[in-house]
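A structural walkthrough
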Amino acid sequence: MSIAIKNSRVRIAPSPTGFLHIGTARTALFNYLFAQNYKIRGDNASFILRIEDTDQERSKKEYEEDILNGLNWLGIEWDEGPTLHGTEKGNFGPYNQSKRERKLKSYSNYLTQLLKNGKAFACFCPSSKEEIEDKNNDKFHILCPYKDMAYNPDETRQFVIRYKNTYAEKLEERFKKGGDAFKTNEDDYVTFQDLVRNKISSPKDILGHFVIAKSFDEPLYNFAVVVDDYEMKITHVIRGEDHIPNTPKQLLLAEALGWAQVDETGVFQAPWTYAHLPLILGTDRSKLSKRHGATSVNEYKTLGYLPEAMVNFMALLGWNPGDEQEIFSKEELAKEFSLEKIQKSGAVFDTVKLDWMNGEYIRRKSVEELTALCIPFLEKAGLIKIQNAKIKSQHYNPKLKIDEYVNRILALEQPRLKKLSETGERVNFFFQEPEYDKELLRWKNMSDEDIKKALQKAEKLLSVINPPIDKKTLEKAFFDEIGDSDKGKLLWPLRAALSGKKASPGPFEIVEILGIEESIKRLEQAEQKFG
Ligand code: GLU
């Protein structure tokens, strides 16, 4: 069921208490795609980034920056919210909760309203076992958990503010009357319509008098989120399924503030509609965690995944276009996206699939683009340096300019590469003399003598080759020599001597890039390993 609303406004509300998590990024992407889809269809829609930083102890600027940078890297642009330059965009700011309280007194005003209307109460109950056991502390004798107390601003003792769940008292009365009292009725539940899971109901009594603020200017999540969603005119709350247990509390608070009501069918109607996204699971089907590998967006960047691949991959975590297509550009995703196609069951984060997809995107790059992307990884691996925007490195083929040399190396790797971070390890022999054990040169059960002869033969063939030094010429020269015999006997020692690796591109492609002189030099060095 989709509700067509003009001027849709969706948001993500991450807490800057950690680096941008894959789960948050997926939620951001779905909100972004939802808004983009409306825009494509000619409607006004906005995607808002709001920073939930009321928890002053755990919130850090560094995490906020990581969230902004991560979303920016993924190309998930927000229409309103804090910007990378430290300013804000949008007409509903401030977009940090801490600033909303400072500037607008957003939360304290509504808390006062709730207290005045008797929908909330200040509670001085002990909050920990130790406190409860501390019988000598007389502040705890003033009030028992569920008793009202008027708010007194001069009160210096520690208190929290709780939502007053009058339902618990009503239930007690019904029970006292007996009879039909034990039959549940609609009023016993908070019921809401979810765009992914349809109707969701949860009993009111289990919610108790839940805490909504630690103090007047320290609102807690369930309360602050309702105030913000209302004030920012949010129309759809699209977020992770782990927030389903919070939704009844948020609806009760919206009701207490006069923003939501129960309709004639017993369903809560709020200014916004909910859509809860399935959890992201590891391959063992437990909730995705550090145990399964990287969980922050930045880690994926460092590992050499491309933002396009991440976006494509994350879009399929719980959303399915309904056909076999797997590769989608951001624009195609925005065009196809709809909440109806979100699945209810958990979405498995399959790294093998991500690697495959990343490879697909790597292959779509031009060689120049790929080189530009790989340069930081080659630098990190210590293979090249960038000085005055120029590549500096050891390079062995004087016939090729350094840029061309690097481009050709990466073009050679492009068909196999899965992650940019693999590049250094895969191509280091083009920038350094390879180091390896002589056993690497042995094909099957060749004797030392045979290997040495093979290396000498390869050297001889290379030394008489006529330009152009390309794969075709090299293949012809070597295959004419090999004839019907086992080609591994000549080509394995050659390839191993050039690359120093068990697995690498073929020997002719390597010779093409390294050049004849360097290739011959490496063959000679290999021969020396046999005395
Ligand atoms: N700060 C919450 C989170 O990051 C926001 C949840 C919501 O969207 O309501 O999970």
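The structure reproduced in this document is the subject of the present report.

Scoring rules and cut-offs
Within every chain, residues take consecutive numbers counted from 1 along the sequence as written. Only residues with pLDDT of 70 or above have their local features reported here, since the model is predicted, and side-chain atom pairs are shown and tallied only from 80 upward, although totals for entire chains, interfaces and linings are computed over all residues. Excluded from the side-chain calculation are hydrogens and water; included are all heavy atoms of the structure. Each helix is a run of DSSP H or I of at least 4 residues and each strand a run of E of at least 2, with the numbering of both proceeding from the N terminus. Any two residues whose heavy atoms approach within 4.5 Å at even a single point are treated as in contact. Residue types Ala, Val, Leu, Ile, Met, Phe, Trp, Tyr and Cys, when buried and joined through side-chain atoms within 4.5 Å, form a set referred to as a nonpolar core. Buried, partly exposed and exposed residues are distinguished by accessible area as a fraction of the type maximum, computed with a 1.4 Å probe on protein chains only: under 20%, between the cut-offs, and over 50%, respectively. Basic side-chain nitrogens of Lys or Arg form a salt bridge, by our definition, when they fall within 4 Å of a carboxyl oxygen of Asp or Glu. Given a helix with a known number of residues, its expected span is that number minus one, times 1.5 Å. Think of a polar contact as two N or O atoms within 3.5 Å of one another; within protein, one of them needs to be a possible hydrogen donor and the other a possible acceptor, and neighboring residues in sequence only count if both atoms come from side chains. When DSSP locates at least two bridges between a pair of strands, those strands are taken to pair. Any residue with a heavy atom lying within 4 Å of a molecule or strand is counted as near it. Cavities and pockets were defined on a 1 Å grid built over protein atoms only: a cavity is a set of grid points that admits a 1.4 Å probe from which the probe cannot escape, a pocket is an open set flanked by protein on both sides within 12 Å along at least five of seven lines, and lining residues are those with an atom within 4 Å of any such point. Whether a molecule sits in a cavity or pocket is decided by its atoms, more than half of which must lie within 2 Å of the grid points. Following the grouping adopted for this structure description, the nonpolar residues are Ala, Val, Leu, Ile, Met, Phe, Trp, Tyr, Cys and Pro, the charged ones are Asp, Glu, Lys and Arg, and the polar ones are all others, Gly among them. Aromatic contacts are taken between Phe, Tyr and Trp rings whose centres are within 6.5 Å, Trp giving its six-membered ring; a plane angle under 30 degrees counts as stacked, one over 60 as edge-to-face, and the others as tilted.

1. Comments concerning the environment of Asn 165
Looking at the secondary structure, you find Asn 165 in the loop between strand E6 (160-163) and helix H7 (166-177). On a C-alpha basis, the gap between Asn 165 and Ile 206 in space is 9.9 Å, while along the polypeptide they are 41 residues apart. In contact with Asn 165, other than residues within four places in its own chain, are Lys 204, Leu 207, Gly 208 and His 209.

2. Some words on the nonpolar core
Core analysis: the largest hydrophobic core is formed by 110 residues, its most contacted members being Tyr 405 and Phe 430. Sorting elements by how many residues they give to this core places helix H1 (residues 22-40) first, with 10 residues. The next biggest cluster of nonpolar side chains, apart from the first, holds 41 residues, and it includes Leu 115, Leu 207, Val 237 and Ala 254.

3. Describing the pattern of salt bridges
One pass over the full model with this rule turns up 33 salt bridges. In this structure, Arg 50 and Glu 52 form a salt bridge, with 4.0 Å as the shortest nitrogen-oxygen distance. Overall, the relative accessible area of 0% leaves Arg 50 in the buried class. A salt bridge links Arg 58 to Asp 55, with the nearest nitrogen and oxygen atoms 3.6 Å apart. Through salt bridges that share partners, Arg 11, Arg 50, Glu 52, Arg 100, Asp 228, Asp 229 and Glu 231 make up one connected network.

4. Considering helix H15 (residues 402-413)
Since there are 3.6 residues in each turn of an α-helix, residues three or four apart along the chain are aligned in direction. With 12 residues, H15 should cover 16 Å at 1.5 Å per step; its first-to-last C-alpha distance of 17 Å lies within 8% of that length. Restricting attention to buried positions, one finds in H15 the residues Ile 402, Tyr 405, Val 406, Asn 407, Ile 409, Leu 410, Leu 412 and Glu 413. Looking at the buried residues of H15, the elements they touch are helix H14 (367-380), strand E18 (390-393), helix H16 (423-427) and helix H20 (507-514).

5. Considerations on the side chain of Glu 64
Topologically, Glu 64 is positioned in helix H2 (residues 61-74). Look at Glu 64 and you get buried, because its relative accessible area is 7%. Polar contacts involving the side chain of Glu 64 include one to the side chain of Asn 96, which spans 3.1 Å. Residue contacts for Glu 64: discarding those within four places in its chain leaves Pro 16, Ile 51, Pro 82 and Asn 96.

6. So, the pairing of E6
Here strand E5 (residues 120-123) runs beside E6; their pairing, made up of four bridges, is antiparallel. Paired with Ala 122 across the bridge in E6 is Ile 161. The pairing of E6 with strand E9 (residues 211-215) spans two bridges and is classified as antiparallel. Residue pairing in the sheet places Arg 162 in a bridge with Val 211 of E9.

7. Points about the site of the ligand
Neighbouring the ligand are the residues Arg 11, Ala 13, Pro 14, Ser 15, Glu 52, Tyr 221, Val 225, Arg 239 and His 243. Side-chain polar atom of Arg 11 to an oxygen atom of the ligand: 2.7 Å apart, as the coordinates give it. One of the side-chain N or O atoms of Arg 239 is found 2.8 Å from an oxygen atom in the ligand. With respect to the detected pockets, the ligand is housed in the largest pocket. A class-by-class count of the residues in the shell around the ligand yields four nonpolar, two polar and three charged.

8. A few points about the packing of aromatic side chains
Inspection of the entire model under this criterion finds 18 aromatic pairs. Measuring from centroid to centroid gives 4.9 Å for Tyr 163 and Phe 210, while their planes differ by 20 degrees, and the two rings are stacked. Taken together, the residues span a long stretch of sequence, with Tyr 163 in strand E6 and Phe 210 in the loop between strand E8 (198-203) and E9 at a distance of 47 residues. Residue classification places Phe 210 among the buried positions, given a relative accessible area of 6%. Summarising the aromatic geometry, the rings of Tyr 230 and Trp 259 are spaced 3.7 Å apart at their centres and angled 5 degrees between planes, so their arrangement reads as stacked.

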